[in-house]
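Chains, contacts and geometry: an overview
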Amino acid sequence: MNRTLLSLAAAVAACGAFPVAAQTVLTTSSWVPPGHALTLAQKEWCELVEKNSKNKIRCNHLPRAVAAPPGTFDAVKNGLTDVSFTVHGYTPGRFVYPQLAEFPFLGDSAEAMSVAFNRVAFKNPEFIKEHEGVKVLAFFTHGPGIVFNTKRPVTKLEDLQGLKWRVGGGMVNEVSKVLGMNVTLKPAPESYELLSGGVMDGTLFPAESVEAFKLDKLVKHATTFPGGLYNTSFVFMMNPAKYDKMSPEEKKAVDDASGEVAARMIGRSWDKFDRRAYALMQANNVQVVKADAKFVADIKGKTSQLEAKWVKDAEAKGLKNPAKLLADFRGEISKLSK
């Protein structure tokens, strides 16, 4: 018996002499629901990083967000979480360059728009410089923006007026203003409470959000636009101190999963959920109408000034030839959408 115990003790001591290789743990935070396209895409990114690193890196997905959506950029910057994402427009005035991805009628696929956005942004170092304090993993957008409301069909400019709308901030706020809409800036997760309590009559969202924020039984009407009424730019990011502590092999594992790879992954996830949301809207008798040519032309007439203003603002901040960049961005979307 004593001999057996001594053998066990020796085995344990031997194991202690060869410790299991330590893992680098990345803490991730998401401020959208667990089943949201973004939360799932972030997990998919983590799985790819784990695979690339041969399991030397793993992710710890926090059960709740470390900060409200507008505070997420600084939460990553300050190390409250290692990895997360945010909407540029949630911090008005902070980001100018990413607004190129937020104009009306850009495209019908989140994947195509996200990859195009990523290509243009990473080719121009000013975009990265504007995100000082975090390591940018990818830029991306959601799918085409839709008008949802609880009151009436929206088929012309006048129908947008007289109702109270929730928007997320950024260029969509400027689009709403020039269209004469009565808007309030609130983060996406507050939409259910605002609509169910009658504080707001409608919201501007991609299709996917109807399911994600449980609005399918609240909204009665939806108006779609070719290429979307607006879009929203996002950044997927990491705490730079965490990245800097990694070994060269670990950094490569992260880099190989980021950039265009991550943008495509997130965009594809969003497109899948957008398609699913249309079936859900149909099941809940949400009346979906497509904006006709006159409605689209009226909106273009009102919003074209916003592009000229962005070109001027971006140039003033130091971006070289923003008008060409915007044209290149549209060209990339067109190529990727074929």
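Structural data are supplied above this passage.
No experiment lies behind these values; they were computed from the predicted model shown.

**Some points on the environment of Leu 215**
Assignment of secondary structure puts Leu 215 in the loop between helix H9 (209-212) and strand E9 (221-224). On the basis of relative accessibility, which here comes to 1%, the residue Leu 215 falls in the buried class. Along the primary structure Leu 215 and His 36 are separated by 179 residues, whereas in three dimensions their C-alpha atoms are 13 Å apart. With near-sequence residues (within four places) excluded, Leu 215 lies in contact with Ser 191, Tyr 192, Leu 195, Thr 203, Phe 205, Ser 209 and Val 210.

**Considering the nonpolar core**
Counting residues in each nonpolar core, the largest one holds 51 residues, and the members touching the most others are Leu 100, Phe 127, Leu 160, Trp 165, Leu 204, Trp 310 and Phe 329. Ranked by the residues each element gives to this core, the list is headed by helix H13 (residues 293-317), at seven residues. Ranked by size, the runner-up nonpolar core spans 48 residues in total, among them Cys 46, Ala 207, Ala 257 and Met 265.

**Describing the pairing of E9**
Residue alternation in E9 divides its side chains into two sets, His 221 and Thr 223 and Ala 222 and Thr 224, and both sets are buried. Of the pairings in the sheet, the one linking strand E5 (residues 146-149) to E9 comprises three bridges and is antiparallel in character. Residue pairing for E9: Val 147 is matched across the bridge by Thr 223. Here E9 runs beside strand E11 (residues 287-290); their pairing, made up of four bridges, is parallel. The partner of Ala 222 across the bridge, within E11, is Val 288.

**Quick notes on unusual backbone geometry**
The backbone of Lys 54 shows a phi angle near 55°, a positive value even though the residue is not glycine. Along the polypeptide, Lys 54 turns up in the loop between helix H2 (37-52) and strand E2 (57-61). Positive phi values are uncommon outside glycine, yet Asn 321 reaches one of about 50°. With respect to the element layout, Asn 321 can be found in the loop between H13 and helix H14 (322-336).

**Section: empty space enclosed by the protein**
What the rule picks out here adds up to one cavity of 30 Å³ or more. Lining the largest cavity are 23 residues, and of these Tyr 90, His 142, Ala 188, Phe 205 and Phe 234 lie nearest its centre. Of all the secondary structure elements, the ones that give two or more residues to the lining of the largest cavity are strand E6 (164-167) and strand E8 (202-205). For the lining of the largest cavity, the per-class residue count stands at 15 nonpolar, six polar and two charged.

**With respect to the packing of helix H4 (residues 110-123) against H14**
Where H4 contacts H14, the axes come no closer than 8 Å and their chain directions differ by 140°. Judged by the inter-axis angle, H4 sits oblique to H14. Considering only the axes of H4 and H14, their crossing is right-handed. Side by side, H4 and H14 meet where Ala 112, Met 113, Val 115, Ala 116, Phe 117, Arg 119, Val 120 and Lys 123 of the first sit next to Leu 325, Asp 328, Phe 329, Glu 332, Ile 333 and Leu 336 of the second.

**A look at the pattern of salt bridges**
According to the stated counting rule, one finds 20 salt bridges in the structure shown. For Glu 111, the salt bridge goes to Arg 268, with nearest N and O atoms at 3.4 Å. Here Arg 268 lies in helix H12 (residues 260-283) and Glu 111 lies in helix H4, a separation of 157 residues in the sequence. By relative accessible area, which is 18% here, Glu 111 ends up buried. Classification of Arg 268 as partly exposed rests on a relative accessible area of 45%. As a salt-bridge pair, Arg 119 and Glu 332 come within 2.9 Å of each other at their nearest N and O atoms. With a gap of 213 residues between them, Arg 119 in helix H4 and Glu 332 in helix H14 connect regions that are remote in the sequence. For Glu 332, a relative accessible area of 10% puts it in the buried group. What emerges from the salt-bridge pattern is a single network uniting Glu 111, Arg 119, Glu 260, Arg 264, Arg 268, Glu 332 and Lys 335.

**So, the sheet that holds E6**
A sheet is described by the order of its strands in space; here six strands give the open sequence E7-E6-E8-E5-E9-E11, paired in mixed fashion. At either margin of the open sheet sits one strand with a lone partner, and together these are strand E7 (182-185) and E11. The mean angle between the axes of side-by-side strands here comes to 25°, regardless of whether they run parallel or antiparallel.

**Concerning the layout of surface pockets**
The method is simple in principle: a probe with the dimensions of a water molecule rolls over the atoms, and the space it marks as empty is what remains. Here the largest pocket defines a volume of roughly 300 Å³. Considering the residues around the largest pocket, the lining is formed by 22 residues, among which Gly 93, Gln 99, Gly 170, Met 171 and Glu 174 are closest to the centre. Elements with a minimum of two residues in the lining of the largest pocket: helix H7 (171-178) and H13. Element by element, the count of residues in the lining of the largest pocket is highest for H13, at four residues. Here the lining of the largest pocket is built from residues that sort into eight nonpolar, nine polar and five charged.

**Here's the deal with H4**
Over its 14 residues, H4 extends 20 Å from the first C-alpha to the last, a length consistent with the 20 Å expected when each residue adds 1.5 Å. By the criterion of burial, H4 is predominantly enclosed, with eleven of the 14 residues buried. Among the structural elements, helix H5 (125-129), strand E4 (135-141), strand E10 (233-238), H12 and H14 are those in contact with the buried residues of H4.

Parameters and conventions
- Residues numbered from 1 in each chain as written.
- Predicted model: local features only at pLDDT ≥ 70, side-chain atom pairs only at ≥ 80, totals over all residues.
- Heavy atoms only, no water.
- Helix = DSSP H or I, 4+ residues; strand = E, 2+ residues; numbered from the N terminus.
- Buried < 20%, exposed > 50% of the residue type's maximum accessible area, 1.4 Å probe, protein only.
- Contact = heavy atoms within 4.5 Å.
- Core = buried A, V, L, I, M, F, W, Y, C linked by side-chain atoms within 4.5 Å.
- Pairing = 2+ DSSP bridges.
- 1 Å grid on protein atoms, 1.4 Å probe; cavity = no way out; pocket = protein on both sides within 12 Å on 5 of 7 lines; lining within 4 Å.
- Points joined across faces, edges and corners; volume = space filled by probe spheres on them.
- Nonpolar A, V, L, I, M, F, W, Y, C, P; charged D, E, K, R; others polar.
- Axes fitted to C-alpha atoms, helices over the stretch in contact; angles between N-to-C directions.
- Parallel < 35°, antiparallel > 145°, perpendicular 65-115°, else oblique.
- Left-handed = near helix turned anticlockwise from the far one by under 90°.
- Salt bridge = Lys/Arg side-chain N within 4 Å of Asp/Glu carboxyl O.
- Expected span 1.5 Å × (residues − 1).

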